[in-house]
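Structure assessment
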Amino acid sequence: MTDDKQIGEDVLAVLLPLLNACTALQASEPTKLSHRGGGLRVVLDVQLAGAPTVTVERDDVPRSGRARSGGGAPARRRQPRRPALPPGG
């Protein structure tokens, strides 16, 4: 991440070929995200090449994939707080 988009593009132009040439690593395609002030933010997933895939299954959940009802309210994802709107005039 950088505030200077051109520096970010220059670093990315050097870094991506190095990651792709490395046989020990496997990198995803980069995703460019928006950045305030016109800078550059890039996200990519880098993993060991040939690493085993691990699958984990819970033992305490019925095979249907649904937990037993505990009688409480369903879980809710917490929303980020938004700033209050200014009063209308």
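Residues numbered from 1 in each chain as written. Predicted model: local features only at pLDDT ≥ 70, side-chain atom pairs only at ≥ 80, totals over all residues. Heavy atoms only, no water.

Details of the overall build of the protein chain
The secondary structure content of the protein chain amounts to one helix and four strands. Written out in order from the N terminus, the α and β elements of the protein chain read α-β-β-β-β. Among the 89 residues that make up the protein chain, the fraction classed as buried is 9%. Taking as baseline every contact in the protein chain between residues at least 6 positions apart, the subset at least 24 positions apart corresponds to 40%. Counting only carbon and sulfur atoms, one obtains 52% of the accessible surface of the protein chain, whose full area is about 8,700 Å². (Helix = DSSP H or I, 4+ residues; strand = E, 2+ residues; numbered from the N terminus. Buried < 20%, exposed > 50% of the residue type's maximum accessible area, 1.4 Å probe, protein only. Contact = heavy atoms within 4.5 Å. Areas by Shrake-Rupley, 256 points an atom, 1.4 Å probe, with all protein chains shown as cover.)

Details of the confidence of the model for the protein chain
Per-residue confidence for the protein chain averages 79 on the pLDDT scale, and 72% of its residues sit at or above 70. Mean pLDDT per element in the protein chain: strand β4 (residues 46–48) is the minimum at 88, and helix α1 (residues 5–21) is the maximum at 92. (pLDDT = per-residue confidence, 0-100.)

Looking at a nonpolar patch on the surface
A surface patch of nonpolar side chains, amounting to about 260 Å² of accessible area, comprises I7, V11 and L15. In this structure, L15 sits in helix α1. Using a relative accessible area of 39% as the deciding quantity, one classes L15 as partly exposed. (Patch = residues over 30% accessible without salt bridge, like charges linked within 9 Å, V, L, I, M, F, W, Y side chains within 5 Å. Salt bridge = Lys/Arg side-chain N within 4 Å of Asp/Glu carboxyl O.)

Observations concerning the side chain of T2
Position of T2 among the secondary structure elements: in the segment before α1. Among the polar contacts listed, one links the side chain of T2 to the backbone nitrogen of D4, at a separation of 3.1 Å. Not counting the four nearest positions on each side in its chain, T2 is found in contact with G8, H35, G39 and L40. (Polar contact = N/O pair within 3.5 Å; in protein donor to acceptor, adjacent residues only side chain to side chain.)

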